[in-house]
Amino acid sequence: MSSRMIRSALVWLGLSQPDGAPAHHDHDHSHGHDHGQRGGHGHTHGVVDPTIATTVRGIWAIKWSFAILGVTAALQLAVVFVSGSVALLADTIHNVGDASTAVPLWVAFRLVRRKPTARFTYGLGRVEDLAGFLIVGIILFSAIVAGWEAVGRLIHPQPIALLWAVAVAGVIGFLGNEVVAVLRIRTGRQIDSAALIADGYHARADGFTSLAVVAGATGVWIGFPLADPIVGLLITAAIFAIVWQSAKAVFTRLLDGVEPGAINDIRHAAEHVAAVSRILTVRARWLGHRLTAELDVAIDGNATVHEASVVSAAVERALFGHIPALSIAHVRVRPEDATDHRDAAHGHRHAPEPVSITGELAEGVLEIVDTPKGERLRFTATRLVDDAEVEVLIDRPGGQIETLPLRRSGADASSPLMSEIAPAEPHEFSARLRLRAGGREETAPFRLVEPADHVH
């Protein structure tokens, strides 16, 4: 075999670049960072990569992949019923799993159009993760059934009918995956999506799983009847491996986990704003295939409110410009000379991180701060209805409720609201901010969490 043929095979499998192909760049910024589109894309079912779902062309590729693999699986399933091949059954389940990736995307796009409500303030994007969880469960159950059938055939061999049809169905599975591979790879290169290109090469590798069905049918034809259940067990093992990886990805999303690279990308984007002297805290979570981020940035302590607003807007523009999957960005500006609630003498952080409050009657930041009179609860409102009565209700052990009214700390109507006394220890608790104004009442639940390194 010539070196030219070997290189062509490596290119076809995605292990080498074609001659003359430009180096792939995941982003067009001159600094060369990839901003979330990393080459280590995993093959997961029920979780749609956001770098694909944020472009019309990427969504088009996902929909056509679903249609092609759905037709492929339907044809294979028909042959399963008439032939009784467990190897083909396992391969059919595998192709159904590949096709089902589009289902949570479709569900999310149907529900994400609904506007946020007082109950679902972030919308319904999280439904995509629930759909992904359901898909993984269905594939797991199907894999157990396929494995059970394969073991049963090993113990009690049965003849397979229509071997030629089983072989043809295996070829159909290979061709269906190859068409999807070409579609995803070409589209991925058009929209510069490393994730979609990786998915294409995964589909190409899955095609060899279908060819294993052909090998099993050939083994039965030459007089080795156990070839079919053995191939079925091998494919089932591959499905279990995919289910395990996909379940980890789905549960990570359900538990608000994000890839470390996403946090690094958020920090990197915020650092592009010259007025930002330091990135204090960064949080992020996925709502379906869209990313929500919260971060505190430090700027010159002598900056005016208007200047701070300009910096906040600049940080938001940088975030949206660098991270295509980002849909919501909350930026809080802090003075660089603030103590950040750190005791210089003891070198430890004492207060929990601030929390954001958003509602119809008020919006702002609630936190525990140090004052000359000691620690106090402070609510800094960016929006608050006139003559509002504000109090914090803290849930304590034994069903006890600690109530702390919040009142203006100064004569100015824009001054923060402060509690008269400090909240009881510990400062890690679930609570509610209750507001009353003009006959209306609103309750905003929140939770304060102390830093891991805090010692009382």
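Located above this text is the structure these notes cover.
The present account deals with the structure reproduced in this document.

Calculation rules
- Residues numbered from 1 in each chain as written.
- Predicted model: local features only at pLDDT ≥ 70, side-chain atom pairs only at ≥ 80, totals over all residues.
- Heavy atoms only, no water.
- Helix = DSSP H or I, 4+ residues; strand = E, 2+ residues; numbered from the N terminus.
- Buried < 20%, exposed > 50% of the residue type's maximum accessible area, 1.4 Å probe, protein only.
- Contact = heavy atoms within 4.5 Å.
- Areas by Shrake-Rupley, 256 points an atom, 1.4 Å probe, with all protein chains shown as cover.
- Pairing = 2+ DSSP bridges.
- Axes fitted to C-alpha atoms, helices over the stretch in contact; angles between N-to-C directions.
- Core = buried A, V, L, I, M, F, W, Y, C linked by side-chain atoms within 4.5 Å.
- Phe/Tyr/Trp six-rings, centres within 6.5 Å; stacked < 30°, edge-to-face > 60°.

**Notes on the overall build of the chain**
Okay, so step 1: Counting secondary structure elements, the chain contains 11 helices and 13 strands.
Okay, so step 2: Looking at the chain residue by residue over its 456 residues, the buried ones come to 46%.
Okay, so step 3: Taking contacts inside the chain between residues at least 6 apart in sequence as the whole, the part at least 24 apart equals 66%.
Okay, so step 4: In the form shown here, the chain has an accessible surface area of approximately 23,500 Å², with 62% of it arising from carbon and sulfur atoms.

**Looking at the sheet that holds strand E8 (residues 374-384)**
Okay, so step 1: Pairing is antiparallel across the open sheet formed by eight strands, whose spatial order is E6-E7-E8-E11-E10-E9-E12-E13. The outermost strands of the open sheet, each flanked by one partner alone, are strand E6 (355-358) and strand E13 (440-448). Direction aside, neighbouring strands of the sheet carry axes that sit 25° apart on average.
Okay, so step 2: Pairing of strand E7 (residues 362-371) with E8 involves 10 bridges; the strand directions are antiparallel. By the bridge assignment, Thr 371 is partnered in E8 with Gly 374.

**Concerning the nonpolar core**
Side chains of nonpolar character tend, in soluble globular proteins, to be buried together.
Okay, so step 1: In this structure, Val 79, Leu 88, Val 166, Ile 235 and Ile 239 are the most contacted members of the largest nonpolar core, which totals 26 residues.
Okay, so step 2: For this core, the elements supplying multiple residues, two or more each, are helix H3 (56-83), helix H4 (86-99), helix H6 (127-155), helix H7 (163-191), helix H8 (194-221) and helix H9 (227-254).
Okay, so step 3: Among the elements that line this core, the one with the most residues is H9, at seven residues.
Okay, so step 4: Setting aside its immediate chain neighbours within four residues, Val 79 contacts Gly 84, Leu 88, Ala 165, Val 166 and Ala 169.

**Remarks on the pairing of E6**
Along any regular strand the residues' side chains alternate between the sheet's two faces.
Okay, so step 1: Only one face of E6 is covered, namely the one carrying Val 355 and Ile 357; the face carrying Ser 356 and Thr 358 has none of its residues buried.
Okay, so step 2: Taken together, the four bridges between E6 and E7 define a ladder with antiparallel strand orientation. Within E7, the residue paired with Val 355 across the bridge is Leu 366.

**Some points on the packing of aromatic side chains**
Okay, so step 1: Tallying each qualifying case throughout the model produces one aromatic pair.
Okay, so step 2: Judged by centre distance (6.3 Å) and plane angle (65°), the rings of Phe 174 and Phe 208 are edge-to-face. Linking Phe 174 in helix H7 with Phe 208 in helix H8, this pair joins segments that are 34 residues apart in sequence.
Okay, so step 3: For Phe 208, a relative accessible area of 40% translates into the label partly exposed.

**Focus on the side chain of Arg 332**
Okay, so step 1: Relative to the assigned elements, Arg 332 resides in strand E3 (residues 326-335).
Okay, so step 2: Beyond its immediate sequence surroundings of up to four residues, Arg 332 is in contact with Arg 283, Glu 294, Leu 295, Asp 296, Val 297, Pro 354, Ser 356 and Val 365.

Purely geometric stuff here, so don't read any function into it on its own.
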